[in-house]
Amino acid sequence: MIYLFGLSIASFLLVLILLKKDKTHADYILAAWMSVLVIHLTLFFFDYKGISYRYPHLLGLSLAVPILHGGFLYFYTLALIRKTPVRTQSILLHLIPFVLLVILAIPFYRLTGAEKIEVYKNQGRGYEWYSQIQMIAFLVAGFTYSVVVIWEIRKYRRKVLNNFSNVDRKMLRWLEYLAIGLGFIWLLSAFFNDQIIFIGVVLFVFFIGFFGISQYPAFYSLPSASEKPGPALTGEWQETLQVDGEKYSRSGLSEHDASHVMTLLETAMKTRKPFANPNLTLNDLASSINVSPNHLSQVINTLAGKSFYHYVNAYRIDEFLKLMALPQNRKFTYWALAHQCGFSSKTTFNKYFKLQMGKTPSDYLSESIDRPLNSG
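All values derive from a computational prediction rather than experimental measurement.

Q: Hey, could you run me through the overall build of the protein in this one?
A: The helix and strand tally for the protein stands at 18 helices and zero strands. The buried share among the 376 residues of the protein stands at 46%. Taking as baseline every contact in the protein between residues at least 6 positions apart, the subset at least 24 positions apart corresponds to 74%. When the accessible area of the protein is evaluated, it comes to approximately 19400 Å², of which 61% is carbon and sulfur surface.

Q: Can you help me understand helix α2 (residues 25-49) in this one?
A: Residues lying three or four places apart along an α-helix face the same way, a consequence of the helix completing one turn every 3.6 residues. Between the first and last C-alpha of α2 there are 36 Å, a value that for 25 residues agrees with the 36 Å anticipated at 1.5 Å per step. The first or second residue beyond α2 is Gly50, which carries a positive phi of 80°.

Q: Help me understand the pattern of salt bridges, please; the structure alone is not making it clear to me.
A: Oppositely charged side chains can form a pair if their charged atoms are brought close together. Under the counting rule described, the total for this entry stands at five salt bridges. A salt bridge links Asp27 to Lys20, with the nearest nitrogen and oxygen atoms 3.1 Å apart. Exposure remark for Lys20: the relative accessible area of 25% places this residue in the partly exposed category. For the salt bridge of Glu176 with Arg154, the shortest nitrogen-to-oxygen distance reads 2.6 Å. Here Glu176 is found in helix α10 (residues 173-191), whereas its partner Arg154 is found in helix α9 (residues 128-161), with 22 residues between them in sequence.

Q: What is the right way to look at the packing of aromatic side chains in this model?
A: Geometrically, a pair of aromatic rings is defined through the distance of the ring centres and the angle of the planes. According to the stated counting rule, one finds 19 aromatic pairs in the structure shown. Taking 5.9 Å as the distance between ring centres and 25° as the angle between the ring planes, the aromatic pair formed by Phe275 and Tyr315 counts as stacked. Residue Phe275 is located in the loop between α12 (255-271) and α13 (282-288), and its partner Tyr315 is located in helix α15 (residues 308-325); the two are separated by 40 residues in the primary sequence. Both residues of the pair, Phe275 and Tyr315, count as buried. Linked through ring pairs, Phe108, Tyr109, Tyr120, Tyr127, Trp129 and Tyr130 together constitute an aromatic cluster. In this structure, Lys121 packs its charged tip against the face of Tyr53, placed 5.9 Å from the ring centre. If you follow Arg316 out to its NZ or CZ, it ends over the ring of Phe343, 6.0 Å from the centre.

Q: Explain the packing of α12 against α15 here, please?
A: Axes are the key here: two packed helices are described by the angle between their axes and the distance separating the axes. α15 packs onto α12 with a crossing angle of 40° between their chain directions and a minimal axis gap of 11 Å. Seen from above, α12 lies across α15 with right-handed handedness. From α12, Met262, Leu265, Glu266, Met269 and Lys270 reach across to α15, where they touch Tyr311, Val312 and Tyr315. Of the residues that constitute the contact of α12 with α15, the class distribution is six nonpolar, no polar and two charged.

Q: Looking at this structure, I do not really get the nonpolar core. What am I missing?
A: For soluble globular proteins, the rule of thumb is that nonpolar side chains tend to be buried together. One finds Trp33, Tyr76 and Leu175 to be the most contacted residues of the largest nonpolar core, which totals 66 residues. Of all elements in the fold, only α1 (2-19), α2, α4 (68-81), α8 (113-121), α9, α10 and α11 (194-212) reach the threshold of two or more residues within this core. Of the residues forming this core, the biggest block, 11 residues, is contributed by α2. What Trp33 contacts, discounting residues up to four positions off in sequence, is His69, Phe72, Leu73, Tyr76, Leu178, Phe204 and Ile208. In terms of nonpolar packing, the next biggest core, distinct from the first, is built from 21 residues, Val261, Val291, Tyr311 and Tyr315 among them.

The rules we used
Residues numbered from 1 in each chain as written. Predicted model: local features only at pLDDT ≥ 70, side-chain atom pairs only at ≥ 80, totals over all residues. Heavy atoms only, no water. Helix = DSSP H or I, 4+ residues; strand = E, 2+ residues; numbered from the N terminus. Buried < 20%, exposed > 50% of the residue type's maximum accessible area, 1.4 Å probe, protein only. Contact = heavy atoms within 4.5 Å. Areas by Shrake-Rupley, 256 points an atom, 1.4 Å probe, with all protein chains shown as cover. Expected span 1.5 Å × (residues − 1). Salt bridge = Lys/Arg side-chain N within 4 Å of Asp/Glu carboxyl O. Phe/Tyr/Trp six-rings, centres within 6.5 Å; stacked < 30°, edge-to-face > 60°. Lys NZ or Arg CZ within 6 Å of the ring centre and 35° of its normal. Axes fitted to C-alpha atoms, helices over the stretch in contact; angles between N-to-C directions. Left-handed = near helix turned anticlockwise from the far one by under 90°. Nonpolar A, V, L, I, M, F, W, Y, C, P; charged D, E, K, R; others polar. Core = buried A, V, L, I, M, F, W, Y, C linked by side-chain atoms within 4.5 Å.

Spelled out as structure tokens, the structure:
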């Protein structure tokens, strides 16, 4: 029953994606992936129910299919975080392991139907060599793709934190969990039978559908050739900047000019309050004070010691505290004032407030202000 459930979900998701208006490049990759999953689950269901024994030339058609899933996850990830479409040459390169497994299986495909049935009923006797190669290929490819996808997402996050002031919908945590889940399925394949593995696959399909069907591309703005990537961040919220003299050595920004940019920036933040715009980006802020995004990023990283994201949200928290201290604002909820300061979600506000102030908004403000506050 679980297999029919998974097949139904995959088929339903495929239909939803195909009917979706204004499909993105990521949607087309997801549709192709769902198509492969539908075929894979169908073939497994036929094997499980014995249907393939009535049509023996169906046996073995799915031998190389599992190795495709890691590639689909990788290209789907790239499609979500980059503006440039995936090149055909790159796709063909990643298909090589699949093609090799198909070629190695040709001796089995050339068997008669009765011979194929005999091989399957005897747990692959005579083709143990293929099973070993297949398992090694699956494990190496599966874990490699999982690690690479996680690395791409974390690299992307570092870029996002230096270009956007609100990132909760751009962090792609669910996609990172998907990569971990795929690695877990490959681990299952090394120790359990096909039924356990496919239960994991069904859950995997459900997870893809639940999050992926409504996911919009979370592109970051690619820097120009002269720009340098932002500093590495440890964890989702913790920030560790290690700025050395070499990082921006070729930026052309002198120490005096950097101080001038910092003065312009702080003046703009205090007087014009651009942080109140929840969609504020590094490019927007740089344009408003007539400096290059690269120079502005350099100044924020080196002189303020923060990423763009942390720099802007620190101002938002300060503004929130100022508004909350005014008696006429006691009638408003925390979130109403936080939204006015530029936060785009209550979750982000609560997390960032605790990060900066060490306490939740309710705890901090109940200790700081004598009068009861509306914490809704």
